[in-house]
Amino acid sequence: IVSLFREVGFQQDGSGGEGQRQIDDGLDEGENSNNNNAVVPASPPSAMVQATLSDACLVIEALGPKSKDAFIAEFVSDHLEEYERLFNPSPAAAAKGGKKGNSSNPKSFKRESSTASSIGGGDNDNINPTSLDQVEKRFAWYRDKLRSLQLKFNNVFPPHWNMHYCLTVSFLERTARHLKFALKKHGNTIRIAPFNASSNTPSGGISLSAAKFGASLNVSTHGGGGGPSGSSYHSTGGGAGGDGSSGVSDGEKAVTALLKALQKTILFEKEMSAWLARDFGTKFMDPTELESASGEKKKGGEDDALEFDEQGRAVAAGSAEGIKIKYERRKRTGGAEGVSSGVDTGGPVPPLVGIASTTFDDHMSPYVALEERTMDEQLHAALSDSTVDTRGERPVFVSSTNLFIYMKNSITRCTALTKEKTFYLLQRAFQKKLRSYANVLEKKLPQPQSQNVAKLALANIQAGGSAAGGGHATSSQSSSVVYRIPPGEEITICHVIDTCEYCADTVEALEDLIRDKIGTKYKEKIDMSEDQDAFQDVTAKCIRVLVSGLEQRLDAALKEMSRTNWSSFDMVGEESSYVRTIHLAIHPFVVQVRELIPSSYFRSFCDKFALSFAAAYYRTLVGLKRISEAGTQQLLLDVYSVKTLLLKLPVLEGEKKTNVSRHNSTTPSKSLAGGSTIAPAMYTKMVNKEFRKLEVMLKLVGSPKELLIDMFRAQWDCSIDTSSMASDFLTIVNLKGIRVSEQPALLESLGLGGAEGGVGGEGTSMTVNIQALQERGSDVAAKVNADLSQMRQRVEDFRKGFR
């Protein structure tokens, strides 16, 4: 039987084979034998021959599954032997094929067509058919083979044998082995040069070669309607350098050839799948069902299918009686029974897509490297590009949107080819470039400047004893680095914040997109939280830069405060000029920031600035020399004005109409410290807490000397660390201008006699003293409250007069 199939399958085009003549003689004894050797046009075997071959298949099936499998394997091997000889790139296989081709005694039933005619011949003698850029010739050869087999063995094989499926699977498996050898041999020779910042790139940051590379990959791979007899799929050209365009490196050409080979392989797999499903009713498994189907196959058997006779009795389809039933049914239908008539074509089979194309996955690093280099070009252009896209909710740099658009297009290109290892490597490349882009955004910030060491040390000494009184020392010692923001540069910093927020949100969406598309084995490995953190870290730095930059703009005002001779004040006037300078510096800056950044970040900016400026204001205050009573009242008015401004910081709004007179251009209008809404309660509580110590200190400085001890006991927070109480008290005493010789007696009266240099007493006696201070504080509470009420009234009167 095998010999007869070989005679029919490998007969020369244009002549009848010996095997077919034997079959014809056996079927029709009256046929004229003189015509057996006549040359006739190429035509399929007669219907009688095909019917005989079909019956022979039933005989083979009756011999059992092993015989059937052996026959299918032999048939497939016979018809793909020529393919191995023509397209196997292995030197050993080529030598073996050449030897076989030169044999003087070939098998009579394998009289095949010449190699030249199989792969094109003629002008293509110098082209290596095994190279990647000639992969389409493999598929053209197989289409010709399928057309030939369909012509010769039409309706011969039982549908449930899936003969054409088995042949295609074997072809793709052999192709995979060939491609693996070719990729190993040539993969190490592909070199993608890293991006060179000195090279010329067109505007937008994407080089000409990168643009051509991207365009060459945007070819649809969602075909599938063709077949061996159609013309839906054709080669899209030769190798990587077929366009001959200048400016494209050899590495880019090699990568383009690699991707085109992969693309054509996937197209072919889809083409064969569509053809088998359409013409033979082949059912393919879903990839997720392969594992479970494999288990079911082990439990089930070849003979699970049933046939039913005329009496309705069920018999095994693989038994002799079952085969007889199928044979008789086919005779009754005239052999026209096809897929649509309900013939059992067997269960679902594993899909074809991926059999050959997955071979490329381990050799796609040059493609990923080229994608990386293109993104490097964009990152380099982003360093100098400050163009802002204002179409969204917040203004962001155009470079960020361009980068994510490129990544999305790159995902589309990659997933059209593979969703496995290569896609995972591309995702890792995305992570690397996103962190690089975060660095690009960070470089748009002003450069840090080291704070004067002596100035920092003095500030730490002045505030060192007050750490427990409100956190001032912690703020002052947080960093020795400051940032100076040139006029208008705060807008750029706000754009960096908006861009970082956009990137962090888009990275999360990108992660979800990749996880949805990537292969199952890589889903759990997708984690881009660190990339989000990189942008959030830049955002946090931007907030610090804004706070530090605004503080530096207030340096002049605080220096003016420190240079003022507060001991010479003998009356209280309106707000000091340094306070108006603070208003004029803070208001436009804060309004601009509020308009540009999200509310959550603006609230963080207000919190940090209020804490930092309160600490700076306190350091300046305790660094003053002697303050008179009137100077104390003036400073209380100034502190109240500054605190009012800070309390309204989160709700400051821009002026709708400028109302500054020519003769009073330095005076802020009413809206400078105004706002239309109430600040958050937690923020208000925090600001009040920070300024309470300043207000109490100034009230104590302005109190009569004979009442200082009692008022300190009543108003100072005795719950804080006692080691700082003496230091705080000495600071107040120094601001009042009390001589050093009188200070020990005051400390003794306060119960802190042993606290030299600000160190308090220890043990039980100190605890008793603290309790006594708290008990005696109530005696002076009424008097102090009355004084405070009068002072508030005076401050409010001055405030109204100023307005």
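This text goes with the structure placed above it.
Owing to the predicted nature of the structure, the values given are computational and were not obtained by experimental measurement.

**Considering the overall build of the protein chain**
- Counting its secondary structure elements, the protein chain contains 30 helices and six strands.
- Counting over 803 residues, the protein chain shows a buried share of 47%.
- At a minimum sequence separation of 6, the contacts of the protein chain that also span at least 24 residues come to 81%.
- If you sum the accessible surface of the protein chain, you get close to 39,400 Å²; carbon and sulfur atoms cover 51% of it.

**Some words on the packing of helix α18 (residues 489-517) against helix α20 (residues 529-553)**
- Direction vectors running N to C along α18 and α20 enclose 165°, while the axes themselves pass 9 Å from each other. One element, α18, and the other, α20, form an angle in the roughly antiparallel class. The interaxial crossing formed by α18 with α20 has left-handed handedness. In this structure, α18 uses E490, I493, V496, I497, C500, C503, A504, V507, E508 and E511 to contact α20, whose residues at the interface are S529, D531, Q532, F535, V538, T539, C542, I543, V545, L546 and R553.
- When its residues are assigned to classes, the contact of α18 with α20 shows 13 nonpolar, three polar and five charged.

**Topic: the state of the cysteines**
- Enumeration over the complete set of coordinates arrives at zero disulfides.
- C500 supplies the cysteine sulfur nearest to C542, a cysteine that is in no disulfide, at a spacing of 5.5 Å.
- C542 gets classed as buried once you look at its relative accessible area, which sits at 0%.

**Let's talk about the nonpolar core**
- One finds F5, F157, Y437, F535, F605, F609 and Y617 to be the most contacted residues of the largest nonpolar core, which totals 166 residues.
- Counting residues per element, this core draws most heavily on helix α23 (residues 599-622), which supplies twelve residues.
- If sequence neighbours within four positions are ignored, F605 has contacts with I543, L546, V547, L550, F589, V590 and V593.

**So, the packing of aromatic side chains**
- Inspection of the entire model under this criterion finds 27 aromatic pairs.
- Pairing F75 with F153 gives two aromatic rings, centres 5.4 Å apart and planes at 80°, and the pair type is edge-to-face. Remark: F153 occurs in the loop between α7 (135-152) and α8 (163-187) and F75 occurs in helix α4 (residues 65-87); sequence separation between them is 78 residues.
- The exposure class of F153 is buried, given its relative accessible area of 3%.
- Between Y424 and Y522, the aromatic rings sit 5.2 Å apart at their centres with planes inclined by 25°, giving stacked as the arrangement. Taken as a pair, Y424 in helix α15 (residues 421-442) and Y522 in helix α19 (residues 520-523) lie far apart in primary sequence, 98 residues in all.

**Points about a negative patch on the surface**
- On the surface, D527, E530, D533 and D537 cluster together to form a negatively charged patch.
- A relative accessible area of 45% means that D527 is categorised as partly exposed.

**Structural notes on unusual backbone geometry**
- Despite not being glycine, N155 shows a phi value in the positive range, around 60°.
- By the secondary structure assignment, N155 is in the loop between α7 and α8.
- In this structure, N162 takes a positive phi of about 55° despite not being glycine.
- As for its position among the elements, N162 is in the loop between α7 and α8.

**Concerning the pattern of salt bridges**
- Going through the model one piece at a time under the given rule, you end up with 23 salt bridges.
- The residue R174 makes a salt bridge to E84 at a minimum N-O spacing of 3.3 Å. In this pair, R174 is assigned in helix α8 and E84 in helix α4, connecting sequence segments 90 residues apart.
- Judged by relative accessible area, which is 14%, R174 ranks as buried.
- Taken together, the shared-partner salt bridges connect E372, D376, K432 and K433 into one network.

**Focus on the environment of L352**
- In this fold, L352 is placed in the loop between α12 (320-332) and α13 (365-384).
- The class for L352 is buried, based on a relative accessible area of 0%.
- Once residues lying within four places of it in the same chain are set aside, the contact partners of L352 are Y165, T168, V169, L172, E269, M272, S273, L276 and F284.

Reading the values: rules and limits
- Residues numbered from 1 in each chain as written.
- Predicted model: local features only at pLDDT ≥ 70, side-chain atom pairs only at ≥ 80, totals over all residues.
- Heavy atoms only, no water.
- Helix = DSSP H or I, 4+ residues; strand = E, 2+ residues; numbered from the N terminus.
- Buried < 20%, exposed > 50% of the residue type's maximum accessible area, 1.4 Å probe, protein only.
- Contact = heavy atoms within 4.5 Å.
- Areas by Shrake-Rupley, 256 points an atom, 1.4 Å probe, with all protein chains shown as cover.
- Axes fitted to C-alpha atoms, helices over the stretch in contact; angles between N-to-C directions.
- Parallel < 35°, antiparallel > 145°, perpendicular 65-115°, else oblique.
- Left-handed = near helix turned anticlockwise from the far one by under 90°.
- Nonpolar A, V, L, I, M, F, W, Y, C, P; charged D, E, K, R; others polar.
- Disulfide = S-S within 2.5 Å.
- Core = buried A, V, L, I, M, F, W, Y, C linked by side-chain atoms within 4.5 Å.
- Phe/Tyr/Trp six-rings, centres within 6.5 Å; stacked < 30°, edge-to-face > 60°.
- Patch = residues over 30% accessible without salt bridge, like charges linked within 9 Å, V, L, I, M, F, W, Y side chains within 5 Å.
- Salt bridge = Lys/Arg side-chain N within 4 Å of Asp/Glu carboxyl O.
- Lys, Arg positive; Asp, Glu negative; His and termini not counted.
- Charge placed at Lys NZ, Arg CZ, Asp CG, Glu CD.

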